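# Topology and contacts: notes
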Amino acid sequence: MKVLGIETSCDETGIAIYDPAAGLVAEALFSQNDTHARYGGVVPELACRDHIARSAPLLCQVVADAGLTLQDLDAIAYTAGPGLVGALMVGGSLAASLAFGLGIPALPVHHMEAHLLAAMLEDDAPDFPFLALLVSGGHTLLVRAQGLGTYVTVGNTLDDAAGEAFDKVARMLSLPYPGGAALAELAAAGDPEAFDFPRPMKNRGLDFSFSGLKTAVRLKLESETARGAAGGMNGSLYANIAASFQAAVVDTLVQKSIKAMAMTGLDRLVVAGGVGANKKLRQRLTAAGKQQGFRVYYPRPAYCTDNGAMIAYAGWCHHGTVAPGVPSILARPRWSLDELALQR
Ligand code: KG4
Ligand code: ZN
């Protein structure tokens, strides 16, 4: 069976083909970072136009790279949400029309479920049940994954997502959008104890809040700059701010994950989403797991950020659940993971 996956929920056009007998057969990714960088964030209209321009040619390229023709495909999976509605419609329209033409199913995929399943593409794949720490540009979630399609959110962010906080602080430090990876690189040259930034909501449940931390960083940057630290010292000031901010986010994510593991009694933690590529977070979580007696699973960094492979794989996982017939296009900008269990 060969499932083609189409990811267009935000600013990456990702296409891949997954075959359970052979694994990932081919994949391609086009990132729109350069398009959005000058605006400091994703411009939805530009994202849609770019998906329209890229998705079909990229799809043809992936099919050719796999040594296949369109007729060899058995199903088309696409990201149905959450995400930018126009961007979702581009992938959904392409998937549904192609599936209709080929007489095969179009499989709507929940983007966050795909992130959560991405670790299963690795050789050392986790089994259900597990706890998932989903940390992306739009979400910060702790999810109890009971089985395929059965998810219960046990922790959520009250304001900014972890990736969003990375991106906003990166912007304060004059790093190009999206700044998460660049901030992590800058942080490597800084002192994580230079500034004692708050660890938000430390002693309160499993929810997160990053907006106060972001404000604390802004105020510190302003006061240090006013003190004259910027005079020829911007380099170390920025690196110290980056390192101290990263330490505060990582501390918070690790501490809440440990708490959630203890509360749920699970012994497997799966980390996913763009911030899951962060090296410090991975080191700290692996160490915490060793100490507390749970195992931590990660997708490779390229499958932490948005990609077509995770959509193709999630589509394959659900391929039996879609009735044949004329495909409709599902596009849900807001879509809770917990709803998937209710739909079953
Ligand atoms: O999962 P993703 O590709 O897109 C969403 O579904 O949102 O996540 C993108 C986010 C961005 O905020 C980006 O800055 C962040 O992940 N990110 C990182 C790193 N790599 C990407 N944040 C911290 N450290 C990284 N190494
Ligand atoms: Zn994502």
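That block above? That's the structure.
Residue positions are given per chain, counting from 1 as you read along its sequence in written order. Each chain takes a letter, starting from A, and each ligand takes a number, starting from 1, following the order in which they are written. A pLDDT threshold of at least 70 governs which residues receive local features in this predicted model, and a stricter bar of 80 or more applies before side-chain atom pairs are shown or counted, although totals over entire chains, interfaces and linings include all residues. Side-chain metrics rest on all non-hydrogen atoms present in the structure, leaving aside hydrogens and water.

### Considering the overall build of the chain
Numbered from the N terminus, helices here are DSSP runs of H or I no shorter than four residues, and strands are runs of E no shorter than two. Check the secondary structure of the chain and you find eleven helices and ten strands. Atoms counted for the radius of gyration: C-alpha only. Globule rule: 2.2 Å times residue count to the power 0.38. In terms of overall dimensions, the chain is globule-like: its C-alpha atoms have a radius of gyration of 20 Å, near the 20 Å expected for 344 residues. The principal-axis extents of the C-alpha atoms in the chain amount to approximately 65 × 45 × 30 Å. Exposed residues in this analysis have more than 50% of their type's maximum accessible area, buried residues have under 20%, and partly exposed residues fall in between, with area computed by a 1.4 Å probe over protein chains only. With 344 residues in all, the chain has 51% of them scored as buried. In this description, accessible areas are obtained by the Shrake-Rupley approach with a 1.4 Å probe, and a residue is regarded as covered only by the protein chains that are shown. Accessible surface, the chain as shown: approximately 14400 Å² in total, 53% of it carbon and sulfur.

### Thoughts on the pattern of salt bridges
Definition used for salt bridges: Asp or Glu carboxyl oxygen within 4 Å of a side-chain nitrogen of Lys or Arg. Per the counting criterion, the structure on display carries 13 salt bridges. For the salt bridge of Glu222 with Arg218, the shortest nitrogen-to-oxygen distance reads 3.4 Å. On the criterion of helical spacing, the pair formed by Glu222 and Arg218 is a turn pair, its members being four residues apart in helix α7 (residues 211-226). The salt bridge involving Asp251 is made with Arg284; its shortest N-O contact spans 2.7 Å.

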